[in-house]
Structure formats: C-alpha cells, structure tokens
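The lines below spell out each chain.
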Amino acid sequence: MSETSTTPPMTAIGISAAPARRDIGLGRRYAAERRFRLYGMAAIGFGLLFLFLLLFSVVSKGYTAFQQSMITIPVEFSEQVLDRNNERAANPQKLMTANYPIIARDALARQLGVTEGDRATLREISGMISDSVRAQLRDIVVADPSVIGTTRDVTFLAHGNLDSAFKGQIDLSVDEKNRKVSDRQVGWMNQLAESGVLAKHFNTGLFTNGASSRPEAAGVGVALIGSLYMMLIVLVLSLPIGVAASIYLEEFAPKNRLTDLIEVNINNLAAVPSIVYGLLGLAVFINFAGLPRSAAIVGGLVLTLMTLPTIIIATRAALKAVPPSIRSAALGLGASKMQTVFHHVLPLAMPGILTGTIIGLAHALGETAPLLLIGMVAFVADVPGTPLDPATALPVQIYMWANEAERAFVERTSGAIIVLLIFLILMNVGAILLRRRFERRW
Amino acid sequence: MNIMSETAAEKVLEKKMNEISYKMIGEAVSVYYGDKRALYDVGLKVRENTVTALIGPSGCGKSTFLRTLNRMNDTIEGCRVTGRIVLDGDDIYDPSIDVVELRARVGMVFQKPNPFPKSIYENVSYGPRIHGLARTKADMDAVVETSLQRAGLWNEVKDRLHESGTGLSGGQQQRLCIARAVAVSPEVILMDEPCSALDPIATAKIEELIHELRANFTIVIVTHSMQQAARVSQRTAMFHLGNLVEENDTDKMFTNPDDQRTQDYIMGRFG
Amino acid sequence: MSMSLLLLIVAAIGVAGYLAGSWRARGLAGGKLSNLHSRPGYYGSFVAICAMIPALLLLLAWSIASPIYIQSTIRAGFPESVKMQPEATQNLSYNMISAIARGLPRMTQEERRALAEDGASARTLLAAKGVPLASEPEPYMVQSAQDLDRATVASSLWRAVLVIAAAAAGAFLSFRLIAPRLRARNRVEGVMLGGLVAASSIAILTTVGIVASMLTEAAHFFNSVPAWEFFFGTVWDPRFAAAGATGSSGQFGLVPLLAGTLYIGFVAMLVAVPVGLFAAVYMSEYASRGFRSVVKPLLEVLAGIPTIVYGFFAMATVGPFLRDISAQISGLATGNYASFIQAQSVLTAGFVMGIMLIPYVSSLSDDIITAVPRALRDGSLGLGATRSETIKKVVLPAALPGIVGALLMTASRAIGETMIVVLAAGVAARMQLNPFEPMTTVTVKIVNQLTGDLEFTSPQTLVAFALGITLFVITLCLNIYALYIVRKYREQYE
C-alpha cells in the first residue's frame, strides 16, 4: 500500500513530531456544544420556573384563606326583637324564624357609636357582618332560650367583602362605587381593628364547614369527608383486587393469548382518559345498577377502576424484583406455589406494593373530571353520614369555587388547593419514606 | 509535506525502517475508579507504525490503559487518571489539549461491533462529516470508498451502501467499524479485543486487515488471545493486576520472556 | 330479612365451619399432624369455603333475578289500557308503583286499608311517610303496589331461607367429606387461584364495561341523530331541550370540537416536546448524579399536581396575565390598549397543558434515551464526536422510534385532558385558527352535557357518550400503537 497524504510524516529522533494540525472546525463545534447544553439547561429551568410560579401563585393567593376576620362584640339578645309577644313557649317555631341579624347589626352599631342611623347607614353596617350570623345566633338561642334578654360576648364572622378589605385585598384607590366596600365601612373597619374588636383568627371553619354561597362561611369540611370515604373505598377495593390480579399475572398465568390480552388491556386502561371512567360510572353504576347520584360510593368505585391499573403495574414490578432464588428455595422445601407466593414473595414485595398504592391513591385524590359526571358537583352543606349520601370531593369543591365569581372565593379556592397539595405531599413523602426504609437491594 | 522532494521521502522511509520512533508514551500512568486503583504507574512506549499488543489475564488493566490513550475514560463517572501520556510530544491530559481533536487523531474500535443503526455509507461518512473533512459529495464518496477498501469490505458492500449497517454479519460489522475509524484518518487506532465476538474466519480476516493497516497507522490492540498477539503484533506488553509486567518484541516475549510471570501466563499457568 | 343480617349469618356459618373443620381434622390426626394430607387450618378453610361460596353465589343470583322477575309479573298484571301505552309511559307508571310500594312498609294496617279503599288520598298519605309522588296514583297502581310489596316481602323471605339452607348444607356436606387423605390444601388453593383469576379479569371487565356502556348509550343517540351528521357536522349547537321535549333539536357536529381538541393539544405539544426532550437529554447525558437526583424529582412534582390545580392556575393566573400583557403590547404598538389575547383561549389552555405534559415527555424520553446502548455512544465519542454531536446524530436517531411512541402517549394524554380545558379553553364551539381566541374540546362538551339535571333519553345527554366513545377510540388507537412501537424498540436493544 502506498503512502497517502494522510499518513503522518516520520522523524527519527525518538519521538514523532506533531503532524500539521487539521482544521476540524473545533471553534464552531464547541459553540454548538455550548448552545446545546444551554438549551438543555434552559428547558429544565423553564420547567422548574413554572413549577415555582404555579406554587407561588397558589400560595400567595391562598395563604390568607387560613385566616378569617372575626368580630367579637357584646350582643344583646333583645326580647323586643326576637320574641316581642312572648310566644316562644307556645310556638317553638318562633325562635327559629326570629330576625337574628338585626340584633347583631344593632350590637355592631352600638359598638361603632352609631346611635341614630338612617336605613342606608344600617344597611352598610349589616354589610359588614356575615349572613352566617343568623344561624349562629339562632343556635345559641335555641340551645338555651334563657339568654333572651341578656347580653353576652359573641364572636362572629365578618362579611366576605370586609374580610377581603381587612386583608388588604381590595384596592382602596378605586372609585368607591366600583368596589365592594364603602369608604365609611373602611373607616369603621379601622376603628374596629384599633379597638381589637375586629381581628384575624385561624380559620377553623375552612376545615369544618360545608358548601356555602357566602365565601366567609364556606369550607372544605364536607368535601374532605367525601374524599375520605372515596379514598377508603378505593383502598379497600383496589389494593386486594390489584394485588390478586398482579399475583395471578406475574406468578401463575400461563403465557398465552388471553394473558397477553389482559396485559395489553391493563396498560391501555392506565392510559384511558379519566373522563371516560366518569362516563362508565354514570352508565353502569348510576343508570344501570341504580346507585344514587352524587354519592361517595359511586365516586369510590369509579376511582377504584381508575386506580387499579396503576396498582397492578406497580405490584407486578415489585413482584418481578423479588429474585427467583427465593421462589426456588421455598418450592425446594416442599411449599406449594400458593404458599411460596403468599409466605415469601408477597411479604418481600410489600413495600413496593404499598408505595405504588399510595401513589395511586394520591392520583385518585386529585382526580376531578370523572366525579363531575357522576353528579358530585353538588351543593352539599351537610356532612354525609354514609357513603350513599350525597357528597362532594376536595378537587370538585375547588372546581366549584373556581367557577364562583366573587373575589373572596379566589382566596378560598387557592386555600383549598393548598390543603389538597399538602395531603398529596404527605402521601408522596410517606411513599418515599416507605421506599427508603424498606428498600432492598438484591 | 507535499513539496517534499523524492529523495527526502526516500530518506524518511529509510529512517523509518532503521530507527525507532515513538508515537505515544505513557509515563507513570495510574487510573482510579472512585477509590479503587486500576492501574499502577504504567510506563509504556508505543512505536510508530507498529502493532503493539496488550495482553494479560482479565481484569489486569489492559483495556483500562488502552482507553486512557484517547481519553475514553473521561466518559466514565468517577474515573481519574494521573501521570502523563504524550502523543507526538504533547501531554494529552494537558488542559490545552482538546479531547475531540485527540480522538480524531487516536481512533478506537470496540470489543463488540457497534455500527450505528444507519446505512453503511452513513456509518463510514459519520466521522469525516462531523469533522468537516470532506468538502463535497464526491470527496465524501471517495473517502467512504477508500476507507471501505482499506477495511477490506468494499467488494462485499459496494452494491448496498445504503442498507443498514446493523444488517451485516458480525465480522463485517467489525470491519465496518474499522472502516469508520479509518475514515477519520487518525494517526493511531486503538482496538479493544476486536475479535472476541467473532468466529475464527472473521477473526482471520480482521487480523490480516490489522497487518495491512500497520503501514499507515500506529495500532494498539488489546487481546486475550496470545496466539493473536503473536500473529499480529511486533511489540507486546504484558499486564498483571494493574501493573505492566513486561514490554518486549513479540518474538522475544513468546520465546524467551524476561519476567517469570509472563512465562507462567504464556505457558497457561494462570489467567 | 335484610341483606346485611343475611350476610352476617352466612359469615357466621362460615366461621363455625372453619372451627369445626379444623377441630375434626385435628381429631382425625390423633395427635400426629403428619397423618393428615394438609394442615388442619386447610380443612377448616375447605369447610368454610364450601359453606359460603355457594350461598353467596345464590344470594347474588337471587338479588339480581328476583327484582326482574317481580317486575315482569307485576307489569303482566297491568290493565290492558295501560299495556297499550308506549314503553316510556309504562316505565313511569312502574316507577310510581315501586315508589308507592316503598312507602307501604312504613304504614300501619289501617293506613294501608285506607290507601286501598281511597286512592285519591294516596299522595298526601305517602308524602307524610316521606315518599313524594309526582302525581296522583291511579287505582290500579295502588293495587299493583300492594302486589309488589307482597312479592318483595315473600322474595326476601325465600331468599333468606334458601341462602341459609345452602350455607348449612355446604358446611354439613363438606364436613362429612373430611378425611385424612382429603387433599384439602389443593382444593383451597384451587379456590384461591379462582379468586386470583377473577381479580385479573376485572381489567377485561372494565374495558368491556366501557365499550359496552358507551356503545349502548351512543346507539341510543344515533337513533335520534344520524351518525354522519355527528361525525361530519361542522356546527355544534345542542340547544338544551326543555324538560320532556324530546326529539332532535339542535345540531351535534363533532368537527369543531375535534378541531379545538387537536389545536389545543398541538399547542400543548409545541410547549412540552422541545422542553421535555431537551430536559431529558440534559438529564441523561450531561447532568451530574447530584444534579439529577435533585432536579428529576422536582420536575416529576409537575406530574403529581392534580390537573384541577393547573386549570385554576391557567384560569386565575396565566389567562389574565396573557390578556394584560397583550393589552400592553398592542398599546405600545398601536396606542390602543385593547387586549388581543382573551383570558380563555387556545393559547392559555394549550400552554398550561404543555407545562403539565413536560414531565411525561421528559421521563418517558429519559427512559428511552437511557436504553440506547452505551456502545453506540462510545463508538461516536471514540471517533472524536462532541457530546452534542453524539446525541444529535447517533443517540436521538437510534432512540427515535421509542421517542415517537412516548410522544404519542403524551398526545393521547393531551387529547383526554379535561380540567385544564374546562377552566381555561372556553365553551364556544368554533372553528378558527387564531390561538388567542377561545375554542372548546370534546372533553369540555362531555362535562357540559352531563352536569346539571340529566334525562337519559334526550340526545343532549346521550351525545356525551358518542363523544366519549370517540375520545376512547382515538386515545386507544394512539396508545396501542405507541405501546407497540415502544415494545419493538425495547426488544431491539435487549
């Protein structure tokens, strides 16, 4: 073979000298390399930026929902107003229908030093008090009618608009007509705040109250119960069924077309849009089987079907990770296949299975779309006693609040999202800890 | 160098025959994988236009040493190299040396044939294309043809250059990988047990090819087969437990080694 | 006898059978358990299974069959005039009868007699018992209701008797079968295996349920609206029918919904694919282990956030932001501060959905890219290619089929996504190309048609199922094809 021009020339001094450098475009290529890396970093930065923005926007809008402005003033349970003709002994209904907001309004007016007020003034004062005061005072009186005629300190909710104003969420530079609180109300608000009558308290109502059209009295309590019921149903049904199905597919199923079909099926079910499960629930559980609409049991069943594929896939992975030597060892001692699986393989796979289950549950907890179709978009103010009663769920509550027009509901929506996210974080952290604690390397 | 006179070229050729010239020199090369030390102060000189075989039992560090010669170890996380490796007088671990340029000068052929899942033509033209070595389509065609010819594959594939490289037989794939390395016109070609995955006939073809390539390239080959080392190389280096035991002319190595361990290994007492 | 009490009794028989069975096996063993084929617990379980399973199956069958049988006999007893009426009216009548029958057990004997004699007072009487009726029942209805009530009571009684008898018989017979050579373990394990098979068949049942339920309801829809008008209609205007007014009114064109779905999905992919792919490449090829272990889970947090949260983010933050910024831009450009991006728009929904999809693209592609053998990378690096050249020219082309599969899966998720579009895309079914305007999607319309009061006979409701089956088929095809590609891809490198 002849020498070609690409062959390096030789010298005879022991070490060959460098050949003439070829131009292989290093500058240009490294610039491209740096650009490429930059794109990658930018992509990750973009993702993280929006993660941050999303969380920031939710938290900044929602953290105030955990505080609630309350007014604490002495209220005179005036017999004049509540039961002028002293009929309460004869007609218990009288106390149920009495005009309670008036005594709260009068109490507040007295506190503000407004003795002689025209209608407009009184209406503005009323506008500072939540309508929920009616039920609150009624409950006090009905529980103990002897309070009538006495005066006692009562703490009640400030109206949603006043609450927003007190939290500084209403732009007071806007023209008075275009905002929900008047200048006079703002003046009173400051007066009350100075005297300590109006103060922010931790908002326990957010966690205990049910749906309400008044933002200051609305809470996720009922939704939490509904979600709890559904999660219990999902857990009780999907964990055993999912584990049983996985055990069959992984340990017993013969390799044939039926097994293949089931496998493909499960993978597809994991990718079916969640809303399709809602249609299934509507058609099968409600229309065909006649279960009640809006009930937690239907929601639970739908979410179970939706969660099953996730749990099956996770469980199969966990079973697969148990080395075959364990199975051989047990079988070699004369255990039946069933005993081998239940005594040895399953306990070893349990951490993986539980991790998968928690993650599946977390997904189910945040799922909204199928629940809308089975009628859980309902105005439910009472705590459901059984899973058959109408209920709503945390994400559905968020959806309903998101559709409310009032300004104060934005804060509630974000607050509810924070609650939901906290639950999800707890579940995921639990899953991670479980994995860390029991992770085994074979 | 194209204006080099006829006589000068003859002189160079003459010198090449008579004098020893070193293409690469390793001095006190040590390699660590994390805390584990894989090579202990290896010093080895690679002669130009020579086939140098690295032998030794598995895990002795011969492949590790080979990969330090074009810094393929850089791609392994936690790998650290100390000492000096010089290519034509430049320390290749010096920060001023560019690893891309280095690898364009020191090519590599791997243990398992690893053609890209692209056509044969694209496999061979890949290197010249990324380095911008061929300006026109005609240039590129010429480079591909020459390289395939040098790899002894041209006649077998010239009618199906645009079929996938992964469709070839194992031996053909390995020769394709050699053609791919040759196409960049490197100065040194490193081969990491290039025949270990091949049958005897394919192995024979590759060995013949190595023999021919020697005229134009400096070759370092790792092999676990002593027969192969004896057949293809002029110089042999024996590694054991991360140490260079002996480096010698191949003939001497296999007939009368200086070191007892080499003797034992060659006689098949360990390994 | 109530269902729960019956179940409790069956369970009690089962437990008793278990205890008796194990006791008997222990007795037969005579102190040497190795005389038995199986451990005593298996004999106990055998008895319990024989007692409970047939009884429960019987209970299930009875509970399904008896209401159907009772209903058919009651309806057979309707006066001829009623039988002449259309099916739907008869259904209404029957519903009323069963409502009356529900009220009957709450009444005293006298009240019942009064009801039978004076049908006119039935409504007030029943309302007092918590059973509101829509209208006055006709006399034959009260009669039928009494029959229904009697039949139901009788059925419930017979059910209890037969189920308990079955449980007792099962326990007794299996107890007699117990002998040292009885292969109790094998039998129990056979039943367990049956249980496992049943559990895995739920996956099949779910699919069958989805397809069957949606096909039936969609078939009802296609009875009133021709299929081609649905699939090729370009106008969506379902015009909510007033209650009771059935029959087709309004137009049900799928095309504008599908256009919106695909457009929003396209915008989402436009955001998610480059970002996700570059993120995956950076993670798998450049990032150090430490960086990866922090950033990868963080990005995956994006996948764990419920879609309702994204929807709210789009509606409350991104939409208004885009609207305001577009007003600023147009103000700077033209002096007219009118926003050209609406708060609810294709862009808003698509962009936020794209963010949601980033982790899907990146983690699926990360898996695929990592599966590309190291040898190919080494081959390219060994020739002096830079890392980015290796990625662009060797790794990504080799991973392409798998990445296409991953992207198809992501696309199917984009198409099926509901909450983001419900809150941020708008409800107007329009066909247009301006991404700054609202459009609507298949999923939005499913939600719209099915929230509120439902009438399972009107096309306005049933169309949701036709939309659902369309959505199901599209995503199913995408997923099956994607799974096929990815499986092929993995086999190639295994």
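What you see is a predicted model, and the numbers here were worked out from it, not measured in a lab.

Structural notes on the interface of chain C and chain A
Tallying the contact residues gives 81 residues for chain C and 73 residues for chain A. Summed over both partners, the interface of chain C with chain A comes to about 6600 Å²; 77% of that surface belongs to carbon and sulfur atoms. Where arginine 29 of chain A meets glutamate 389 of chain C, a salt bridge forms, and the shortest distance between an N and an O atom there is 2.7 Å. Applying the counting rule to chain C against chain A returns 13 residue pairs in polar contact (both at pLDDT 80 or more). Broken down by element, the residue count for the side of chain C that touches chain A peaks at 18 residues, all from helix α8 (residues 184-224) of chain C. Grouping the constituent residues of the side of chain C that touches chain A by class yields 55 nonpolar, 19 polar and 7 charged.

Some thoughts on the interface of chain B and chain C
On the side of chain C, 20 residues touch chain B, which itself brings 24 residues to the contact. Summing the contributions of chain B and of chain C, the shared interface buries around 1700 Å²; its carbon and sulfur component is 61%. For aspartate 378 of chain C, the salt bridge goes to arginine 67 of chain B, with nearest N and O atoms at 3.8 Å. Summed over the shared surface of chain B and chain C, the result is 5 residue pairs in polar contact (both at pLDDT 80 or more). Going through the elements one at a time, α3 (99-105), β6 (106-109), α4 (120-131) and α7 (170-182) of chain B are the ones with two or more residues in the side of chain B that touches chain C. A per-class count over the side of chain B that touches chain C returns 14 nonpolar, 5 polar and 5 charged.

Quick word on helix α4 (residues 100-112) of chain A
A rise of 1.5 Å per residue sets the reference length of α4 of chain A, with its 13 residues, at 18 Å; its end C-alpha atoms lie 19 Å apart and thus fit the reference within 8%. Among the residues making up α4 of chain A, those that are buried are Tyr100, Ile103, Ala104, Arg105, Ala107, Leu108, Ala109 and Leu112 of chain A.

Focus: helix α12 (residues 307-334) of chain C
Working note: α-helix, 3.6 residues per turn, so residues spaced by three or four point in the same direction. All names here are of chain C. The end-to-end C-alpha distance of α12, which contains 28 residues, comes to 37 Å, matching closely the 40 Å that a straight helix rising 1.5 Å per residue would cover. Where α12 bends most, the angle comes to about 40°, and this point is alanine 314. Directly after α12, the chain includes glycine 335, whose backbone phi takes a positive value near 85°.

A short note on the side chain of threonine 259 of chain A
The topology assignment puts threonine 259 of chain A in helix α11 (residues 257-269). Among all residues touching threonine 259 of chain A, those that are not within four sequence positions of it are Leu249, Ala253 and Pro254 of chain A.

Observations regarding the sheet that holds strand β3 (residues 198-202) of chain A
Residue and element names in this part refer to chain A. Spatially, 3 strands are ordered β2-β1-β3 in an open sheet, and the strand pairing comes out antiparallel. Looking at the sheet topology across the chains shown, the edges are occupied by β2 (151-157) and β3. This sheet shows a mean twist of 40° between the axes of neighbouring strands, independent of strand direction. Note: strand β1 (residues 67-76) against β3, 5 bridges, orientation antiparallel. What sits directly across from methionine 70, in β3, is alanine 199.

Some words on the confidence of the model for chain C
When pLDDT is low, close inspection of the predicted coordinates is not appropriate. Residue and element names in this part refer to chain C. Averaged over chain C, the pLDDT score is 86; the fraction of residues at 70 or greater is 94%. Mean pLDDT values for the elements of chain C range from 71 in helix α6 (residues 122-128) up to 94 in helix α10 (residues 255-286). Here residues 242-248 is modelled with pLDDT under 50, and outside its nearest four sequence neighbours on either side it reaches 7 contacts, counting other chains as well. Here the predicted complex carries an ipTM of 0.88, next to a pTM of 0.84.

Considering the domain arrangement of chain A
The figure often quoted for interface size is the accessible area lost as the parts come together. All names here are of chain A. Taken domain by domain, chain A comprises domain 1 (66-202) and domain 2 (221-438). Opposite the 8 residues of domain 1 that make contact, domain 2 presents 8 residues. Scanning the region where domain 1 abuts domain 2 turns up 1 salt bridge. In this structure, the salt-bridge partner of lysine 167 is glutamate 411, at a minimum N-O distance of 3.0 Å. Counting across the interface, domain 1 meets domain 2 through 3 residue pairs in polar contact (both at pLDDT 80 or more). Here the side of domain 1 that touches domain 2 gets 3 residues from one element, more than from any other, and that element is helix α7 (residues 160-166). Of the residues assigned to the side of domain 1 that touches domain 2, the class counts are 1 nonpolar, 4 polar and 3 charged.

Some points on the pattern of salt bridges
One pass over the full model with this rule turns up 38 salt bridges over all chains. Glutamate 77 of chain B is the salt-bridge partner of arginine 289 of chain C, the closest N and O atoms lying 3.6 Å from each other. Of the two residues, arginine 289 of chain C is situated in helix α11 (residues 289-304) and glutamate 77 of chain B in the loop between α2 (62-68) and β4 (79-87); the pairing between them involves two chains. Residue aspartate 88 of chain B is joined to arginine 105 of chain B by a salt bridge in which the shortest nitrogen-to-oxygen separation is 2.9 Å. Here aspartate 88 of chain B is found in the loop between β4 and β5 (90-91), whereas its partner arginine 105 of chain B is found in helix α3, with 17 residues between them in sequence. For aspartate 88 of chain B, a relative accessible area of 5% translates into the label buried. Among the residues examined, arginine 105 of chain B registers a relative accessible area of 9% and is labelled buried. Shared partners join several salt bridges into a network, and the residues in it are Lys23, Asp88, Arg105 and Glu187 of chain B.

Overview of the sheet that holds strand β2 (residues 36-47) of chain B
All names here are of chain B. A sheet is described by the order of its strands in space; here 4 strands give the open sequence β2-β1-β4-β5, paired in antiparallel fashion. Whereas interior strands pair on both sides, the edge strands pair on one side only; in this sheet they are β2 and β5. As judged from the 8 bridges shared by strand β1 (residues 22-33) and β4, these two strands associate in the antiparallel manner. In the sheet register, tyrosine 33 faces β4, and the bridge partner there is cysteine 79.

As for the side chain of threonine 441 of chain C
Residue and element names in this part refer to chain C. By the element assignment, threonine 441 lies in the loop between α16 (419-424) and α17 (442-450). Of the residues examined, threonine 441 reaches a relative accessible area of 3% and is grouped as buried. Polar contacts involving the side chain of threonine 441 include one to the main-chain amide nitrogen of valine 444, which spans 3.2 Å. In contact with threonine 441, not counting residues within four places along its chain, are Leu257, Gly260, Thr261, Ile264 and Val421.

Quick look at empty space enclosed by the protein
Residues and elements named next belong to chain C. With the rule as written, the count across this model stands at 4 cavities of 30 Å³ or more. Quantified by volume, the largest cavity comes out at close to 80 Å³. As for the largest cavity, its lining consists of Ala279, Ala280, Met283, Lys296, Leu299, Glu300, Pro359, Ser362, Ser363 and Asp366. Elements supplying a minimum of two residues to the lining of the largest cavity: α10, α11 and α13 (346-370).

Digging into the layout of surface pockets
Each pocket or cavity is described by its volume, and for the second largest pocket that value is around 1400 Å³. Among the elements of the structure, α12 (274-288) and α13 (296-321) of chain A together with α2 (40-76), α4 (87-103) and α7 (139-177) of chain C are those that each provide at least two residues to the lining of the second largest pocket. Take the lining of the second largest pocket: its biggest share by element is 10 residues, from α2 of chain C. By residue class, the composition of the lining of the second largest pocket is 18 nonpolar, 10 polar and 4 charged.

Details of the nonpolar core
Taken as a class, soluble globular proteins show a tendency for nonpolar side chains to be buried jointly. Counting 231 residues, the largest nonpolar core has Tyr277 and Tyr399 of chain A, Leu148 of chain B together with Val309, Tyr310, Ile446 and Leu467 of chain C as its most contacted members. Ranked by the residues each element gives to this core, the list is headed by α10 of chain C, at 16 residues. The contact partners of tyrosine 277 of chain A, leaving out residues within four places of it in the chain, are Leu269, Val272, Val302, Leu305, Met306, Pro309 and Pro370 of chain A together with Thr206 and Ile210 of chain C. One finds Ile73, Ala98, Ala104 and Ile129 of chain A within the second-largest nonpolar core, a separate group that totals 36 residues.

Cut-offs used in this document
- Residues numbered from 1 in each chain as written.
- Chains lettered and ligands numbered in written order.
- Predicted model: local features only at pLDDT ≥ 70, side-chain atom pairs only at ≥ 80, totals over all residues.
- Heavy atoms only, no water.
- Contact = heavy atoms within 4.5 Å.
- Buried area = accessible area lost by both parts, 1.4 Å probe.
- Salt bridge = Lys/Arg side-chain N within 4 Å of Asp/Glu carboxyl O.
- Polar contact = N/O pair within 3.5 Å; in protein donor to acceptor, adjacent residues only side chain to side chain.
- Helix = DSSP H or I, 4+ residues; strand = E, 2+ residues; numbered from the N terminus.
- Nonpolar A, V, L, I, M, F, W, Y, C, P; charged D, E, K, R; others polar.
- Expected span 1.5 Å × (residues − 1).
- Buried < 20%, exposed > 50% of the residue type's maximum accessible area, 1.4 Å probe, protein only.
- Bend = angle between axes of the 7 residues up to and from the residue.
- Pairing = 2+ DSSP bridges.
- Axes fitted to C-alpha atoms, helices over the stretch in contact; angles between N-to-C directions.
- pLDDT = per-residue confidence, 0-100.
- Domains from an automatic or database assignment.
- 1 Å grid on protein atoms, 1.4 Å probe; cavity = no way out; pocket = protein on both sides within 12 Å on 5 of 7 lines; lining within 4 Å.
- Points joined across faces, edges and corners; volume = space filled by probe spheres on them.
- Core = buried A, V, L, I, M, F, W, Y, C linked by side-chain atoms within 4.5 Å.

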